[in-house]
Amino acid sequence: GAVVSQHPSWVICKSGTSVKIECRSLDFQATTMFWYRQFPKQSLMLMATSNEGSKATYEQGVEKDKFLINHASLTLSTLTVTSAHPEDSSFYICSAREGQGQETQYFGPGTRLLVL
Amino acid sequence: AQSVTQLDSQVPVFEEAPVELRCNYSSSVSVYLFWYVQYPNQGLQLLLKYLSGSTLVKGINGFEAEFNKSQTSFHLRKPSVHISDTAEYFCAVDGFGNEKLTFGTGTRLTIIP
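Not measured: the values here are computed from a predicted model.

Chemist: Would you explain the overall build of chain A in this entry?
Modeler: For chain A, the helix and strand inventory stands at 0 helices and 11 strands. Beginning at the N terminus, the succession of helices and strands in chain A can be written as β-β-β-β-β-β-β-β-β-β-β. Against the compact-globule benchmark of 13 Å for 116 residues, chain A has a radius of gyration of 13 Å, which places it among compact chains. Principal-axis analysis of the C-alpha atoms places the extent of chain A at approximately 40 × 25 × 25 Å. Partitioning the intrachain contacts of chain A with sequence separation of at least 6 by distance along the chain shows that 55% fall at a separation of at least 24. About 5,700 Å² of surface is accessible on chain A, with carbon and sulfur atoms providing 53% of the total. Measuring between centres, the 10 positive side-chain charges of chain A sit 7 Å from its 10 negative side-chain charges.

Chemist: Hey, could you run me through the interface of chain A and chain B in this one?
Modeler: Reports of interface size often rely on the accessible area that becomes lost once the parts have come together. The interface of chain A with chain B comprises 23 residues on the first partner and 20 residues on the second. Carbon and sulfur atoms supply 49% of the area that chain A and chain B bury against each other, a total of about 1,600 Å² over both sides. Considering only the side of chain A, the residues that lose the most area to chain B are Ser43(A), Glu103(A) and Phe107(A), jointly responsible for 32% of the buried surface there. Run the count over chain A and chain B and you get 1 salt bridge. Salt-bridge contacts for Lys100(B) lead to Glu59(A); the nearest nitrogen and oxygen are separated by 2.9 Å.

Cut-offs used in this document
Residues numbered from 1 in each chain as written. Chains lettered and ligands numbered in written order. Predicted model: local features only at pLDDT ≥ 70, side-chain atom pairs only at ≥ 80, totals over all residues. Heavy atoms only, no water. Helix = DSSP H or I, 4+ residues; strand = E, 2+ residues; numbered from the N terminus. Rg over C-alpha atoms; globule rule 2.2 N^0.38 Å. Contact = heavy atoms within 4.5 Å. Areas by Shrake-Rupley, 256 points an atom, 1.4 Å probe, with all protein chains shown as cover. Lys, Arg positive; Asp, Glu negative; His and termini not counted. Charge placed at Lys NZ, Arg CZ, Asp CG, Glu CD. Buried area = accessible area lost by both parts, 1.4 Å probe. Salt bridge = Lys/Arg side-chain N within 4 Å of Asp/Glu carboxyl O.

Everything listed is a geometric property; what it means functionally is a separate question.
Shown next as structure tokens:
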């Protein structure tokens, strides 16, 4: 149980294009999903928290207009990197939590983005 | 505010030897504590968690961790490691009411045959 998937697993795009990453909870309903970014050999940095049906809460320093997050259903959240640039290249990982008061986050396998 | 310190960035261990990965945390409130493992180019897998109750927590793959409130530590241990344990290990803390995980910088465990 508690499986989270991400699609695509990797993507290469040209500078200036937008990329959408999907995060799905496969066997549970996720009222809250989180988006993280991980640079090589570094830890995970929380980008934003999204609750189903409401606007995402972004961490300080994260541009909300660049990283658009949508959590339209209890099993799907999307992260769109708009007008991607090489510095946006990174490993993006989502996680999901079942509900308020549920302590455990279950992580997706990650999406590696390379912007040329 | 909460923070996590993993003092050892890399830990090499011979196969079948015991290992301890250290984690210390700081928080102004009570906490939940987690250990996650990350294999190359993959997401994070939950190893074990401390929420309440017994301070000795057992997880998957033979790992265990002990919550020590007085020392604000949550060290991860395994009595005998295998080649397959080679991975990055992250300690994380979630303070009551915060509902956000704060991760340590990770410890790369390398098993030497």
